[in-house]
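The primary structure of each chain is shown beneath.
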Amino acid sequence: EDMSNESSSVSFDEENTKVFPDGTLKTMISPGDGDSIKQGDKVSFNYNGRLENGTSFGNTYLTHNPLEVTVGAEQTIAGMDIVLSSMREGEIARVIVPAKSAFDNMVNDHGFHGSGVPIPPGSTLIFDRVEVVDIETKLVWISIIGCILKISTITFDLKINLLARKCYS
């Protein structure tokens, strides 16, 4: 299924739309069934983004190269960081990021060049589709009576029981 040109007719119904304090909008298209994203998680996601005039500035569906960022580490625009921290693995959403949470804090009078396409100052960014494809949870080190275990916070209970048995059996 080709998701490179999602129709811009996706509606922003109230029930599935969240408005963040900075004005960023997220409308859920599909909820996903994976783990929730937390600050510090490394996330891979696909997107197709455009300016309000329809000019595409990036489409990872076409390049088959999802973007990888660490949530909360300022590795993407502020609006996307906010949205990602509200998503789960497998979730698909339509996102509108106002200029103040996009590239406005990074631009000069000539704008920002995203993927080779100039993004003028004051540009609202429209992501017709943002899809979380993978979450790599930050790792946690713990010690149980001298046995050091490296575990994922997501699978904490299962791994702690299995690894503790391995350490002490």
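Residues numbered from 1 in each chain as written. Predicted model: local features only at pLDDT ≥ 70, side-chain atom pairs only at ≥ 80, totals over all residues. Heavy atoms only, no water.

Q: Looking at this model, I keep getting lost on unusual backbone geometry. Mind explaining?
A: Its identity as a non-glycine residue notwithstanding, His-64 has a phi of 55°, on the positive side. By secondary structure assignment, the location of His-64 is in the loop between helix H1 (60–63) and strand S5 (67–70). Residue His-64 is classed as exposed on the basis of its relative accessible area, which comes to 68%. Despite not being glycine, Glu-74 shows a phi value in the positive range, around 55°. (Helix = DSSP H or I, 4+ residues; strand = E, 2+ residues; numbered from the N terminus. Buried < 20%, exposed > 50% of the residue type's maximum accessible area, 1.4 Å probe, protein only.)

Q: Where do I start with the pattern of salt bridges in this structure?
A: For side chains of opposite charge, pairing can occur when their charged atoms come near one another. Within the structure shown, the criterion is met by six salt bridges. Ionic pairing is found between Lys-38 and Asp-41, a salt bridge with its closest N-O pair at 3.6 Å. The buried category is assigned to Asp-41, whose relative accessible area is 0%. Notably, a salt bridge pairs Arg-129 with Glu-131, separated by 3.9 Å at the nearest N-O pair. Overlapping salt bridges bring together Arg-50, Arg-94 and Asp-128 as one network. (Salt bridge = Lys/Arg side-chain N within 4 Å of Asp/Glu carboxyl O.)

Q: Help me understand the side chain of Asp-81 in this model?
A: Residue placement: Asp-81 occurs in helix H2 (residues 78–84). Residues in contact with Asp-81, not counting those within four places in the same chain, are Thr-70, Val-71, Gly-72, Ala-73, Glu-74 and Thr-76. (Contact = heavy atoms within 4.5 Å.)

Q: Would you take a moment to explain the nonpolar core for this structure?
A: Counting 25 residues, the largest nonpolar core has Phe-45, Ile-77, Leu-84, Met-87, Leu-125, Phe-127 and Val-130 as its most contacted members. Secondary structure elements with two or more residues in this core: strand S3 (42–51), H2, strand S6 (92–97) and strand S9 (125–136). Here this core takes five residues from S9, the largest share from any one element. Among all residues touching Phe-127, those that are not within four sequence positions of it are Tyr-47, Asn-48, Gly-49, Phe-57, Ile-77, Met-80, Ala-93, Arg-94, Val-95 and Val-97. (Core = buried A, V, L, I, M, F, W, Y, C linked by side-chain atoms within 4.5 Å.)

Q: Sorry, what's going on with the environment of Asp-134 here?
A: Tracing the backbone through its elements, the reader meets Asp-134 in strand S9. Measuring from C-alpha to C-alpha, the distance between Asp-134 and Glu-89 comes to 6.0 Å, with 45 residues separating the pair along the chain. Discounting residues that sit within four places of it in the chain, Asp-134 has contacts with Lys-42, Val-43, Ser-44 and Glu-89.

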